[in-house]
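Remarks on the overall topology
Spelled out, the chains give:
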Amino acid sequence: MTAVGIARLVSVADSLVIPDDRSRWRCAHCGNLTRFDVVRSSRVREFWHLDMAGASTIDEREVLAETVESVTCRWCGAADRVEVVSRPEFGGPSDEGPGDGGP
Ligand SMILES: [Zn+2]
């Protein structure tokens, strides 16, 4: 079995993580590799810098915790078919071939 085949066996729940520098999302239904609607919630610590008039800018932001709530394909709307696959340099797909639901 190839690395691509192994990567495609991941469960749907694995799409609820942000891919690392070796992986990416792919819609198994239509083949989309590049467009997703991601709903996530973050807990952050921010350094707010206010000027004397009270207007603020955020100079630093540290993400303390982050949860991906959903990943939806922007092309076909599938919410339960997004999978994590390898990036091309690690054996994953390099183009958007049709998924099992067509292009
Ligand atoms: Zn899709």
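What you see is a predicted model, and the numbers here were worked out from it, not measured in a lab.

Scanning the chain from terminus to terminus reveals one helix and four strands. Listed by position from the N terminus, the elements making up the chain come as α-β-β-β-β. The buried share among the 103 residues of the chain stands at 19%. Across the chain, contacts joining residues at least 24 apart in sequence account for 74% of those joining residues at least 6 apart.

Moving on, we come to the pairing of strand S3 (residues 56-73). Remember that side chains alternate between the two faces of the sheet whenever the strand is regular. Across 15 bridges, strand S2 (residues 36-50) lies against S3 in antiparallel orientation. Bridge pairing links Val-39 to Ser-70 in S3. In this antiparallel pair of consecutive strands, S2 and S3, the connection spans five residues, and Gly-54 shows a positive phi of 100°.

Moving on to the nonpolar core. In terms of nonpolar packing, the biggest core is built from eight residues, these being Trp-25, Cys-27, Cys-30, Val-71, Cys-73, Val-82, Val-84 and Val-85. If you list the elements that add at least two residues to this core, you get strand S1 (23-27), S3 and strand S4 (82-86). Here this core gets three residues from one element, more than from any other, and that element is S4.

Along the chain, Asn-32 falls in the loop between S1 and S2. Take Asn-32: there are 21 C-beta atoms within 10 Å of it, and that puts it in the buried class. Between the alpha carbons of Asn-32 and Val-82 there is a distance of 9.1 Å; along the sequence they are 50 residues apart.

The subject of this paragraph is the pairing of S1. Counting buried positions along S1 yields four of five residues, so the element is predominantly enclosed. When S1 meets S4, the two strands line up antiparallel, connected through five bridges. Bridge pairing links Arg-26 to Glu-83 in S4.

Moving on, we come to the confidence of the model for the chain. A residue-level look at the chain finds 83% of positions with pLDDT of 70 or above and a mean pLDDT of 87. Per-element confidence in the chain ranges from a low mean pLDDT of 45 for helix H1 (residues 3-7) to a high of 96 for S2. Long-range and interchain partners of residues 1-12, a stretch whose pLDDT sits below 50, account for 19 contacts in this model, where long-range means more than four residues apart.

Inspection of the secondary structure puts Gly-97 in the segment after S4. Its 10 C-beta neighbours within 10 Å are what place Gly-97 among the exposed residues. For the pair Gly-97 and Gly-31, spaced 66 residues apart in the sequence, the C-alpha separation amounts to 5.5 Å.

Rules used in this analysis
- Residues numbered from 1 in each chain as written.
- Predicted model: local features only at pLDDT ≥ 70, side-chain atom pairs only at ≥ 80, totals over all residues.
- Helix = DSSP H or I, 4+ residues; strand = E, 2+ residues; numbered from the N terminus.
- Buried ≥ 20, exposed ≤ 12 C-beta atoms within 10 Å, placed from the backbone.
- Contact = placed C-beta atoms within 7 Å.
- Pairing = 2+ DSSP bridges.
- Core = buried A, V, L, I, M, F, W, Y, C linked by C-beta atoms within 7 Å.
- pLDDT = per-residue confidence, 0-100.

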